[in-house]
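Residues per chain, in single letters:
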Amino acid sequence: MNILDKIIIDKKREVILKKSIIPVSQLEASVFFGKQTISLSQKLRESNSGIIAEHKRRSPSKSIINNNFTVEEVVKGYQDAGACGISVLTDGKYFGGSLDDLLLARASVNIPLLRKEFIVEEYQILEAKAHGADLILLIAAVLTREEIKSLSEFAKNLGLEVLLEVHNQEELQKSIMPTLDMIGVNNRNLKTFEVSLDFSKELASLIPNDFVKVSESGISSVEAIQELKPYGYKGFLIGENFMKTDDAGQAATEFINQL
């Protein structure tokens, strides 16, 4: 069993527990539930940099990346740097995140927020909306075509955008459907944790132009982005590269200025 399989088993258990404690009616009563969302796909289409900066404390492959910042410091720094949007990891067990991080981020900035999570149920999409997210992530590796369809339709009905993450041609081909806004190619193989920009390059021509193309993981230099732009990528998700520094916002500012 690989790490991704473990995460999904734990996630399904976690969702069952949460549903028993917090009813859907409580999520729907949130002040953010009726809030108009901000479109990340639109911002990426109009941007020169395309940076989606990530708040991430740790990961299964790197253990602790950074625990020294407050969420507010990080996200305000990212917004001031000119990031198009911010990805907030909300998984607790493997990434040290929480829905409170998303709530604090929403209270601190007014740019698009992605709930970065292993989504397996509609309930998690309601949580995302209730905590101020503008879009959700769906991971093709852990969902069937039918699940991607029903979850993305559910998100769209709530006014949320959908970023679908793929790793290979098979995942991409089963996933293409009109309820997606962005298709992200993860340069990290979630089973082996090997990282290569070749994943993004190889899949670029297979992603229809109706979707905003996003490259995720393993992007640590301006050169990497310049290498990927000719392939039609408009969005670049960067987490570790900023979070491992002493000042994530400053690191993002310098990176975006270089671009």
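One can find the structure itself at the top, above this paragraph.
This one's a predicted model, so the numbers in the text were calculated from it and none came from an experiment.

Topic: the overall build of the chain
Stage number 1. Each helix and strand in the chain was counted, giving 12 helices and 10 strands.
Stage number 2. A compact globule built from 259 residues should have a C-alpha radius of gyration of about 18 Å, and the chain, at 17 Å, falls within 12% of that.
Stage number 3. With the C-alpha coordinates of the chain rotated into their principal frame, the extents come out at 50 × 40 × 35 Å.
Stage number 4. When each of the 259 residues of the chain is scored for burial, the buried share is 56%.
Stage number 5. Taking all contacts inside the chain whose residues are at least 6 apart in sequence as the whole, residues at least 24 apart take part in 69%.
Stage number 6. For the chain, the accessible area works out to roughly 11,100 Å², and carbon and sulfur atoms hold 49% of it.
Stage number 7. Averaging the coordinates of the 30 positive side-chain charges in the chain and doing the same for the 36 negative ones gives two points 1 Å apart.

Remarks on unusual backbone geometry
Stage number 1. At Ser217, a position not held by glycine, the phi torsion is positive, near 75°.
Stage number 2. Topologically, Ser217 is positioned in the loop between strand E9 (212–216) and helix H10 (222–228).

What to know about the environment of Ile139
Stage number 1. Position of Ile139 among the secondary structure elements: in strand E6 (residues 135–139).
Stage number 2. Residue Ile139 is classed as buried on the basis of its relative accessible area, which comes to 4%.
Stage number 3. For the pair Ile139 and Lys244, spaced 105 residues apart in sequence, the C-alpha separation works out to 25 Å.
Stage number 4. In this structure Ile139 touches Glu117, Phe118, Glu165 and His167, once residues within four positions along its chain are discounted.

Digging into the packing of helix H6 (residues 122–130) against helix H7 (residues 145–157)
Stage number 1. Axis separation between H6 and H7 bottoms out at 10 Å; the angle between their running directions is 25°. If you check the angle between H6 and H7, you find them roughly parallel. Note on packing geometry: the crossing formed by H6 with H7 is right-handed. Only Ser150, Leu151, Phe154 and Ala155 of H7 make contact with H6, whose side of the interface consists of Glu122, Ile125 and Leu126.
Stage number 2. Grouping the amino acids of the contact of H6 with H7 by side-chain chemistry returns 5 nonpolar, 1 polar and 1 charged.

Cut-off values and rules
- Residues numbered from 1 in each chain as written.
- Predicted model: local features only at pLDDT ≥ 70, side-chain atom pairs only at ≥ 80, totals over all residues.
- Heavy atoms only, no water.
- Helix = DSSP H or I, 4+ residues; strand = E, 2+ residues; numbered from the N terminus.
- Rg over C-alpha atoms; globule rule 2.2 N^0.38 Å.
- Buried < 20%, exposed > 50% of the residue type's maximum accessible area, 1.4 Å probe, protein only.
- Contact = heavy atoms within 4.5 Å.
- Areas by Shrake-Rupley, 256 points an atom, 1.4 Å probe, with all protein chains shown as cover.
- Lys, Arg positive; Asp, Glu negative; His and termini not counted.
- Charge placed at Lys NZ, Arg CZ, Asp CG, Glu CD.
- Axes fitted to C-alpha atoms, helices over the stretch in contact; angles between N-to-C directions.
- Parallel < 35°, antiparallel > 145°, perpendicular 65-115°, else oblique.
- Left-handed = near helix turned anticlockwise from the far one by under 90°.
- Nonpolar A, V, L, I, M, F, W, Y, C, P; charged D, E, K, R; others polar.

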